[in-house]
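# Fold and contact review
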Amino acid sequence: MQLFSNGMKESEQCHVTLQINATEEASLMELLKFMYSNNLTVTAAYDVLDVLLTAEKFDVASCTRYCGRLLRTLTMTPESVLVYLDLPSTILMTEAFQPLTIATKQFYVVYFKDMTKYDKDEILNLPLAGLEEIIASDDLRLLSENEVYRFVLKWVASQYPKLEDSRKIMMTRLAKFIRYPYMTRRMLTDLLTREEFDPEFAEKVVTEALSFKSAVPNKQHAYISDENSNVNRRFVERPYKVRPIKMVKFQQPRPHCVVYLELKRDICASLFPSGNLISEPFEFGGQEFFLMALHHMDHFEVYLATVHGPCAFPFDYEFAGTDSIHAQEFVSRFKRSYTCEELFSPILLFKIPWTCFMGEDKKVLYFINDRFHLSVELTDKR
């Protein structure tokens, strides 16, 4: 105990008077009992935590380690985890407490993995340490990265009303965790107007994100190989419910665009027996489109659909996908034209028996490194 060592005058006295707060009395008595018995009589998480803080204050390392081990055996709740994460860094970073720190962060991330399930007020009242752990997670389940962006802005506005404070906390603690390359172009445009972000930083991440979106899939790995860990994390895709796309537009010889969508094997497998997923919307010719993949009647199917009503202009469309036979090439599998004279409904682009698509018959493997790459090219015929 530091009080009785290091040459302090109390170490030479037979009787020592300690001045403590009334709230520390119970935990100090437990600490003194521990020094004689190497055991604690309290078992509740908050009581053990009080003893840990007192042991840290008086530098009783053996008790600090004991409390850390004991807390790891107790049932965690969101409330207790928040208390742990809010502990002084001198405790969180100690070797004895590191296992509990790791466990609490993992619990918190798993508990709030699907943010859509929780009341908005509950989420907005999260402490900074808890928010950082959540939005840093690769496993966070969302409709799209737009949700993280909008939520962080709301949280900062509610917690730090002054612009100077909100920009400081955004730029020093939170901005690095947002995956800008997976935000929609509309949200990236909004980012450039936000005072909470440093203008130079905003321009950099938006340019970076647009460049990533325009790159074809086999070129995007160069972005992720950056040695800077914070930059690297920006390009790691989360398991979005609305799948991000990459899009390239051309004006010559006719206005046309190519949209790329990548589907991981486990995401496709989750569609069985009656699931579906959609891509983020994309604009072409003044119309918003999206792609939809689903499991239907023992088949894997991909559709092209519009966000609002029928399409008002004629266009050609071509679907292509990868497979193991053609290695890294996209193979055209469907090419047709749409005219405004016909009744518009979601256009079937690709249909294949489920067992064939998932590779159960081993004839053709559509997944390259556990990913199915597909592209849709639209050409304006006006």
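Here, every reference points to the structure presented above.
These lines cover the structure that appears in this document, whether it is placed above or below.

About the criteria used
Residues numbered from 1 in each chain as written. Predicted model: local features only at pLDDT ≥ 70, side-chain atom pairs only at ≥ 80, totals over all residues. Heavy atoms only, no water. Salt bridge = Lys/Arg side-chain N within 4 Å of Asp/Glu carboxyl O. Helix = DSSP H or I, 4+ residues; strand = E, 2+ residues; numbered from the N terminus. Buried < 20%, exposed > 50% of the residue type's maximum accessible area, 1.4 Å probe, protein only. Pairing = 2+ DSSP bridges. Axes fitted to C-alpha atoms, helices over the stretch in contact; angles between N-to-C directions.

Any two side chains of opposite charge can pair, so long as their charged atoms come close to each other. In the structure shown here, the tally under the stated rule is 15 salt bridges. Residues Glu30 and Lys33 are paired through a salt bridge, measuring 4.0 Å at the closest nitrogen-oxygen approach. Pair noted here: Glu30 and Lys33 are both in helix 1 (residues 25–37), with a separation of three residues, about one helical turn. The salt bridge partner of Arg333 is Asp323, with a shortest N-O separation of 2.7 Å. Taken together, the positions of Arg333 in strand 9 (residues 331–338) and Asp323 in the loop between strand 8 (315–321) and strand 9 put the pair 10 residues apart, joining distant regions of the chain. A relative accessible area of 27% places Arg333 in the partly exposed class. Asp323 sits in the buried class, given a relative accessible area of 3%.

What follows deals with the pairing of strand 6 (residues 287–296). For strand 6, the tally of buried residues reaches eight of 10 residues, placing the bulk of the element in the interior. Bridging between strand 4 (residues 276–279) and strand 6 involves three bridges; their strand directions are antiparallel. If you follow Asn276 over to strand 6, its bridge partner there is Leu294. Bridging between strand 5 (residues 282–284) and strand 6 involves three bridges; their strand directions are antiparallel. Considered in strand 6, the bridge of Phe282 is made with Phe289. What sits between the antiparallel neighbours strand 5 and strand 6 is a turn of two residues, in which Gly285 has the positive phi angle 65 degrees.

Another point: the sheet that holds strand 9. Sheet architecture is open: five strands sit in the order 2-3-11-8-9, paired in antiparallel fashion. Both outer strands of the open sheet, strand 2 (246–250) and strand 9, are each paired with one neighbouring strand and no more. Averaged over all pairs of adjacent strands, the angle between strand axes in this sheet comes to 15 degrees, irrespective of strand direction.

Counting buried residues along strand 3 (residues 256–264), eight of its nine residues qualify, which places the element largely inside the surrounding structure. Here strand 3 pairs with strand 11 (residues 371–380) via nine bridges, running antiparallel. Bridging across to strand 11, Glu262 finds its partner in His373.

A few words now on the environment of Asn125. Residue position: Asn125 is located in the loop between helix 7 (120–124) and helix 8 (128–135). The exposed category is assigned to Asn125, whose relative accessible area is 58%. Considered as a pair, Asn125 and Gln159 are 34 residues apart in the sequence and their alpha carbons are 8.2 Å apart.

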